[in-house]
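# Inside the fold
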Amino acid sequence: MKPIHNKIWQIALPYLKKGKKKDFVLHTSMVVKGMELLLKKEKGNKNILMPAAILHDTGWANVPICLQKAKDASRARKAMELHLQYSIPVNREILSNLGFANGEIKKIIDIILSHKFKNPRDLNKRLLIDADTLSDIFKEQFYSDARMYGLLPEEFYHVRKDNRFYTETAKDIFHAELNRRAKEIGIA
Ligand SMILES: [Fe+2]
Ligand SMILES: [Fe+2]
């Protein structure tokens, strides 16, 4: 990570630790890893996508815990909407304190706001969604999520195996990782 991205990560950490829906420190580190892998092959804008990856879930910090843990669909959706909405002021403050220009801040926030409920055409927006979905299959997050859902790794494999992506790069990385999980679980 570049020094500026490392700084953003340090500032984002307390917000990520406040989110309780899942382990957002682990999740975000996996999304960053996915983004770094995607950007080796895809033409996205690194200077806005790395901050977007690090900051995309900071909004969970301010979503009431009861909503974060809600199981019914309408409250879960409400929580999902709020994590987008609440991320705006948090991320605007973080980025402006670090000296990001208003135009860049607007682009980063716009990308973050498109990571749920949208089917964007813009490549940068698609890359954040792909990195977010890719995080599901990386080793640490896969087993951590399986435990959280109370499922055996083999059962959870079947939940994750149908993840969908925009870019060919994401599909390739996903299938390579999926094969690794299958071998670890002993179903390959
Ligand atoms: Fe999110
Ligand atoms: Fe996420």
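Residues numbered from 1 in each chain as written. Chains lettered and ligands numbered in written order. Predicted model: local features only at pLDDT ≥ 70, side-chain atom pairs only at ≥ 80, totals over all residues.

## Digging into the nonpolar core
Test applied: By convention the nonpolar core is taken to be a set of buried residues drawn from Ala, Val, Leu, Ile, Met, Phe, Trp, Tyr and Cys and joined through C-beta atoms within 7 Å. Working definition of burial: number of other C-beta atoms within 10 Å of the residue's own, with buried at 20 or more, exposed at 12 or fewer, and partly exposed in between, all C-beta atoms being placed from the backbone. Runs of H or I in DSSP of at least four residues are treated as helices and runs of E of at least two as strands, each being numbered from the N terminus.
The biggest cluster of nonpolar side chains holds 40 residues, and the ones touching the most others in it are Met35, Ala52 and Ala53. Elements with a minimum of two residues in this core: helix 1 (3-18), helix 2 (24-41), helix 3 (46-55), helix 5 (73-97), helix 6 (102-113), helix 7 (123-134), helix 8 (139-149) and helix 10 (168-185). The element contributing the most residues to this core is helix 3, with 7 residues.

## Here's the deal with helix 7
The following threshold applies: Multiplying 1.5 Å by the residue count of a helix minus one yields the expected span of that helix. A pair of residues counts as a contact when their C-beta atoms, built from backbone coordinates, are separated by no more than 7 Å.
Helix length check: helix 7 (12 residues) gives 16 Å between terminal C-alpha atoms against 16 Å at 1.5 Å per residue, within 8%. Among the 12 residues in helix 7, 10 count as buried, and that is most of the element. The complete set of buried residues in helix 7 reads Asn124, Lys125, Arg126, Leu127, Leu128, Ile129, Asp130, Ala131, Asp132 and Leu134. Each element contacted by the buried residues of helix 7 is listed here: helix 2, helix 3, helix 6 and helix 10.

## A short note on the packing of helix 2 against helix 3
This is how it is decided: Axes here refer to lines fitted to C-alpha atoms; in helices the fit is confined to the stretch in contact. Angles between the N-to-C directions go from 0 to 180 degrees. Oblique is the label for every angle not falling under 35 degrees (roughly parallel), over 145 degrees (roughly antiparallel), or within 65 to 115 degrees (roughly perpendicular). Handedness of a crossing follows from how the near helix is turned relative to the far one, being left-handed for an anticlockwise turn of less than a right angle and right-handed for a clockwise one. In this count, Pro and Cys sit with the nonpolar residues alongside Ala, Val, Leu, Ile, Met, Phe, Trp and Tyr, while Asp, Glu, Lys and Arg are called charged and the others, Gly among them, polar.
Packing of helix 2 against helix 3 brings their axes to within 8 Å, and their N-to-C directions diverge by 160°. With respect to helix 3, the element helix 2 is oriented roughly antiparallel. As helix 2 runs across helix 3, the sense of the crossing is right-handed. Only Lys46, Leu49, Met50, Ala53 and Ile54 of helix 3 make contact with helix 2, whose side of the interface consists of Thr28, Val31, Val32, Met35 and Leu39. In the contact of helix 2 with helix 3, the residues fall into 8 nonpolar, 1 polar and 1 charged.

## A word on helix 3
With 8 of its 10 residues buried, helix 3 lies for the most part within the structure. Residues Ile48, Leu49, Met50, Pro51, Ala52, Ala53, Ile54 and Leu55 constitute the buried set of helix 3. Considering only its buried residues, helix 3 is in contact with helix 1, helix 2, helix 5, helix 6 and helix 7.

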